[in-house]
Amino acid sequence: MSGKLIVVSNRIPTAATPAGGLVYALHETLRKTGGIWVGSDPEFHASPSRSLTEIGDQSAYRRLAFGLTELDHQTFYLGFANSVLWPVCHRRGDLVRMSRRFEQGYRRVNKRLAQQIFEVAKVDDTIWVHDYHFFPLASELRKLGFEGKIGFFLHIPFPALGDLGALPLEASLARWLADYDLVGLQTRADVARCLEMFRSELGAELMNDGKIKYGDQTVGVRSFPIGIDVDTFVATAKRPMADAKLAADLSGDIVIGVDRLDYSKGLPNRFRAFGRYLETRTDKSRRASLLQIAPPTREEVTAYQDIRHELEELAGRLNGENAELDWTPLRYIHRNIDRNLLAKLYRIARVGLVTPFADGMNLVAKEYIAAQDPNDPGVLVLSRMAGAAEDMTQALLVNPYDIEEMSEALTQALNMPLQERQDRYEACMAQVKATDVGRWSENYLSALKDSRRKLSWDSFSSTG
Ligand code: ADP
């Protein structure tokens with residue numbers, strides 16, 4: 001890469017070395033390449049006209065924050081991003097809340113951010129934009145005259161053509177995405193949906209190399225399944241649990257679920273399926289517990305308040321009907337857990353229960369596998385609707401709408417012989433390693449480097 005790398009994401013990490021996942025991977029990439037990370041800092045409220053503000057004193061790369069006013073927060077973040085785009089991409093058109101103000105806020109923030117980035121970007125720089133908050137950013141940068149490389153990665157599912165009808169007419173994902181050099185998606189199924197949109201909405205042609213041709217330009221559309229930092233996670237999970245009393249309390253058949261409290265995660269059906277498992281188990285002396293860790297998220301959005309109430313009611317009923325004096329079948333923890341402890345909880349659990357209705361990838365599924373003891377691994381029960389299921393086919397795959405099927409999968413998982421558990425674990429672990437997050441960012445950036453937006457005569461002749 002000749003110029004510098006500029007990463008754009010909704011949140012900017014404030015810790016010197018951020019913990020875990022994507023943020024850690026991007027931090028490591030920028031630490032090696034140098035460059036700039038642009039994002040909103042929740043601590044930082046600026047007047048919208050101001051330039052990006054330098055935060056922290058990180059020597060390897062710069063961190064520049066953009067400010068959001070209260071109106072921006074309501075319309076751009078809570079409004080268009082999380083009450084329109086999020087439900088549309090997660091097949092929940094029924095939860096979309098439409099308002100002209102949301103769309104205006106979304107455009108205003110993207111336009112302003114493009115101007116702010118344009119002030120610091122040079123033509124040979126590469127800009128890597130993350131997620132649904134910033135679909136129009138490349139279009140806005142191109143309007144300002146930025147000709148350099150701009151890549152996009154969508155972390156959530158790409159919507160089906162039919163669901164795009166729930167977006168306002170002027171919000172054209174196809175036109176917005178056509179201004180990027182490379183559109184990265186989580187799965188092959190996402191790529192298929194994206195290509196279908198380009199063909200149907202823009203009449204774009206699919207070229208031999210998998211790119212689309214639109215007017216005199218091309219856009220690469222490829223899947224880059226994201227993963228976790230495998231070595232660190234494996235090492236953390238292996239260390240013994242410091243709290244001996246907690247370790248003793250957690251003995252027995254633990255089934256674990258770890259999710260932000262989001263309606264896309266399928267939590268009510270998961271609780272129902274666990275209840276059904278308890279009801280139908282033949283050996284009543286066997287006392288499995290579901291440990292569900294679900295920290296709150298986006299609590300200002302009504303749909304998130306509703307799901308919280310629904311779960312509290314279900315949890316109360318499940319324990320009321322099944323608990324004994326010395327046994328609580330469901331432990332429902334509504335807060336964040338330290339990642340070191342989380343890794344150990346995964347390892348103790350006999351079953352990882354991951355049952356979203358829709359999920360871009362689902363990193364919890366990969367963390368659960370990475371945390372297992374290869375000599376005595378637990379079993380992953382995984383929704384077919386999670387991006388992770390496309391490659392982790394040796395998990396016990398379930399339909400998250402089918403309570404009976406999930407309950408049967410729990411029975412099968414809790415009774416699975418050692419050899420089968422090991423075989424399934426090894427197959428899943430091979431996939432977890434193949435998508436290590438360090439390799440993910442390298443693969444993406446190298447594909448972006450090789451991409452070419454303007455059509456050359458060679459590509460004309462190859463498509464006939
Ligand atoms: P999403 O990005 O939709 O939240 P993922 O499963 O892809 O879903 O990623 C969630 C990440 O957040 C995982 O790395 C997981 O370990 C972490 N996480 C989820 N819940 C908790 C929690 N209660 N405490 C700590 N980390 C959590």
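Residues numbered from 1 in each chain as written. Predicted model: local features only at pLDDT ≥ 70, side-chain atom pairs only at ≥ 80, totals over all residues. Heavy atoms only, no water.

## Concerning the domain arrangement of the chain
Quick reminder of the rule: For every domain, the bounds stem from an assignment made automatically or drawn from a database. Every residue pair with non-hydrogen atoms within 4.5 Å of one another is taken to be in contact. A quick way to say it: buried area is the sum, across both parts, of accessible area lost when two parts are put together, with a 1.4 Å probe. We define a salt bridge as a side-chain nitrogen of Lys or Arg found within 4 Å of a carboxyl oxygen belonging to Asp or Glu. By the criterion applied in these results, polar contacts are pairs of N or O atoms within 3.5 Å in which, for protein atoms, one can donate a hydrogen and the other can accept it, and in which residues neighboring in sequence qualify only through two side-chain atoms.
When cut into domains, the chain gives domain 1 (5–227 + 439–457) and domain 2 (230–435). Taken together, the 25 residues of domain 1 in the interface contact 24 residues of domain 2. Buried surface at the junction of domain 1 and domain 2, both sides included, amounts to about 2000 Å², of which 56% is carbon and sulfur. Applying the counting criterion to the domain 1 and domain 2 interface returns 2 salt bridges. We note a salt bridge from R188 to D391, for which the minimum N-O separation is 3.4 Å. Taken together, the links from domain 1 to domain 2 amount to 10 residue pairs in polar contact (both at pLDDT 80 or more).

## Side note on the sheet that holds strand 14 (residues 351–354)
We count it as follows: Strand pairing follows a simple DSSP-based rule, namely that at least 2 bridges must link the two strands. Only runs of H or I of at least four residues qualify as helices and only runs of E of at least two qualify as strands under DSSP, and these elements are numbered from the N terminus. For helices, the fitted axis covers only the stretch in contact; all axes are lines through C-alpha atoms, and the angles between them, taken along N-to-C directions, range from 0 to 180 degrees.
Read from one edge to the other, the open sheet built from 6 strands follows the order 13-12-11-14-15-16, with strand pairing classed as parallel. One side of each edge strand has no neighbouring strand; the edge strands of this open sheet are strand 13 (330–333) and strand 16 (396–398). Going across the sheet, the axis of each strand differs from the next one's by a mean of 20°, ignoring polarity. Its contacts with the sheet place helix 11 (residues 339–348) against strand 11 (254–258) and strand 12 (289–293), and it is angled at close to 140° to strand 11.

## Looking at the state of the cysteines
Put plainly, two cysteines are in a disulfide when a covalent bond ties their sulfur atoms together. Under the convention used in this document: Any pair of cysteine sulfurs within 2.5 Å is marked as a disulfide. Burial here depends on accessible area, computed with a 1.4 Å probe over protein chains only, as a share of the maximum for the residue type. Under 20% is buried, over 50% is exposed, and the range in between is partly exposed.
A full pass over the atoms with the stated rule returns 0 disulfides. This cysteine, C89, is not joined by any disulfide, and C194 carries the nearest cysteine sulfur, 11 Å off. Under the relative-accessibility criterion, C89 is labelled buried at 3%.

## Digging into the site of the ligand
The cut-off we apply is this: Here a residue is considered near a molecule or strand provided that any single heavy atom belonging to it is located within 4 Å of it. A 1.4 Å probe and the Shrake-Rupley method give the accessible areas. Residues count as covered only by the protein chains that appear here.
Surveying the vicinity of the ligand reveals 15 residues, the closest of which are R260, K265, I337, L363 and E367. Taking I337, its main chain carries an N or O atom lying 2.8 Å from a nitrogen atom of the ligand. Protein coverage of the free-state accessible area of the ligand, which is 570 Å², stands at 80%. Those elements giving two or more residues to the shell around the ligand turn out to be helix 11 and helix 12 (363–370).

## Some details on the environment of S264
Structurally, S264 can be placed in the loop between strand 11 and helix 9 (267–280). Taking the relative accessible area as the measure of exposure, S264 reaches 3% and is therefore buried. Considered as a pair, S264 and I212 are 52 residues apart in the sequence and their alpha carbons are 30 Å apart. Not counting residues within four places of it along the chain, the set of residues in contact with S264 comprises W86, H90, P356, F357 and A358.

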